[in-house]
Amino acid sequence: VGLAGIMLEELTAMVDRIGLIFKLLGDAQLVGGKTLHAAERVRERLPKFVVADVQRLQSDAIDFATGLPVKAVTRLQDLLAEPTRKALTSYQDELRHFLVLLSSPPSTP
């Protein structure tokens, strides 16, 4: 198992982290769409708006702006951070070396 197993575990973990980022972005899109729809409803009722509706919209907008999109971007930044990039580069180098060893003819005694 050794190196290949370790690389598989690391790459699987990275794929899982990327999947979580995409899920967060998708969830953020849904929440953002609902917030924009609520803003449109308040705008349409502007002449007769209720202060509570505007306050709720403001709260929802703040929750959206500081919630899911921030989590997704933060996780993406963590994924692209220098240590992660160095580890991936190291794994790529080791994988290339491993593939060279596999493709070279076996040595005869």
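Report follows, based on the coordinates.

Conventions and cut-offs
Counting restarts for each chain, with residues numbered from 1 along the sequence as it is written. Local features in this predicted model are restricted to residues whose pLDDT is 70 or higher, and side-chain atom pairs enter the listing and the counts only when it is 80 or higher, whereas totals over whole chains, interfaces and linings include all residues. The side-chain figures draw on all heavy atoms in the structure; neither hydrogens nor water molecules are used. Going along the chain from the N terminus, every DSSP run of H or I of four or more residues is numbered as a helix, and every run of E of two or more is numbered as a strand. When we talk radius of gyration, it's over C-alpha atoms, and the globule rule is simply 2.2 Å times the number of residues to the 0.38. Accessible area is worked out with a 1.4 Å probe on protein chains only. A residue is then buried under 20% of its type maximum, exposed over 50%, and partly exposed in between. Contacts are assigned to residue pairs that have any heavy atoms within 4.5 Å of one another. In these tables, accessible area is a Shrake-Rupley quantity obtained with a 1.4 Å probe, and a residue counts as shielded only by the protein chains included in the view. Counted as positive: Lys and Arg. Counted as negative: Asp and Glu. His and the chain ends are not counted at all. Charge placement uses NZ in Lys and CZ in Arg. For Asp and Glu, CG and CD serve respectively. Any carboxyl oxygen of Asp or Glu that lies within 4 Å of a side-chain nitrogen of Lys or Arg is treated as forming a salt bridge with it. Patches here are clusters of residues that have more than 30% relative accessible area and form no salt bridge, with a 9 Å joining cutoff for like charges and a 5 Å cutoff for nonpolar side chains (Val, Leu, Ile, Met, Phe, Trp, Tyr). Throughout this description, a polar contact denotes any pair of N or O atoms lying within 3.5 Å of each other; where both atoms belong to protein, one of them has to be capable of donating a hydrogen while the other can accept it, and for residues adjacent in sequence the pair is counted only when both atoms sit in side chains.

1. Side note on the overall build of the protein chain
Looking only at helices and strands, the protein chain has four helices and zero strands in total. Helices and strands in the protein chain line up, N terminus first, as α-α-α-α. In terms of overall size, the protein chain is more extended than a compact globule, its C-alpha atoms giving a radius of gyration of 24 Å where 109 residues would be expected to give roughly 13 Å. The principal-axis extent of the C-alpha atoms belonging to the protein chain is close to 90 × 20 × 15 Å. Classification of the 109 residues of the protein chain by burial places 16% in the buried group. In the protein chain, the proportion of contacts linking residues at least 24 apart, taken out of those at least 6 apart, comes to 79%. Counting only carbon and sulfur atoms, one obtains 65% of the accessible surface of the protein chain, whose full area is about 8,600 Å². Looking at charge distribution, the protein chain has the averaged site of its 13 positive side-chain charges lying 8 Å from that of its 13 negative ones.

2. Regarding the pattern of salt bridges
Going through the model one piece at a time under the given rule, you end up with five salt bridges. With a shortest N-O distance of 2.8 Å, Lys-23 and Asp-27 are connected by a salt bridge. Placement of both Lys-23 and Asp-27 in helix 1 (residues 2-44) is noted, with a separation of four residues, approximately one turn of the helix. Close ionic contact of Asp-53 with Arg-45 constitutes a salt bridge, the shortest N to O distance being 2.3 Å. Accessibility expressed as a relative area gives 14% for Asp-53, which makes it buried. Through salt bridges with shared partners, a single network forms among Arg-45, Asp-53 and Arg-56.

3. Quick word on a nonpolar patch on the surface
Residues Leu-46, Phe-49, Val-51 and Val-54 make up a contiguous nonpolar surface patch of about 330 Å² in total accessible area. Tracing the chain through its elements places Val-51 in helix 2 (residues 51-66).

4. Focus on the side chain of Thr-35
Relative to the helices and strands, Thr-35 resides in helix 1. Sequence-distant contacts of Thr-35, defined by excluding residues within four places in its chain, comprise Leu-57, Asp-60, Ala-61 and Phe-64.

5. Quick notes on the side chain of Asp-53
Relative to the assigned elements, Asp-53 resides in helix 2. A polar atom in the side chain of Asp-53 sits 2.3 Å from the side chain of Arg-45. Not counting residues within four places of it along the chain, the set of residues in contact with Asp-53 comprises Val-42 and Arg-45.

6. Here's the deal with the environment of Pro-69
Along the chain, the position of Pro-69 falls in helix 3 (residues 68-79). Under the relative-accessibility criterion, Pro-69 is labelled partly exposed at 23%. Once the C-alpha coordinates of Pro-69 and Met-14 are considered, the two residues, 55 residues apart in sequence, prove to be 19 Å apart. In this structure, Pro-69 is in contact with Ala-28 and Phe-64, ignoring residues within four places of it in sequence.

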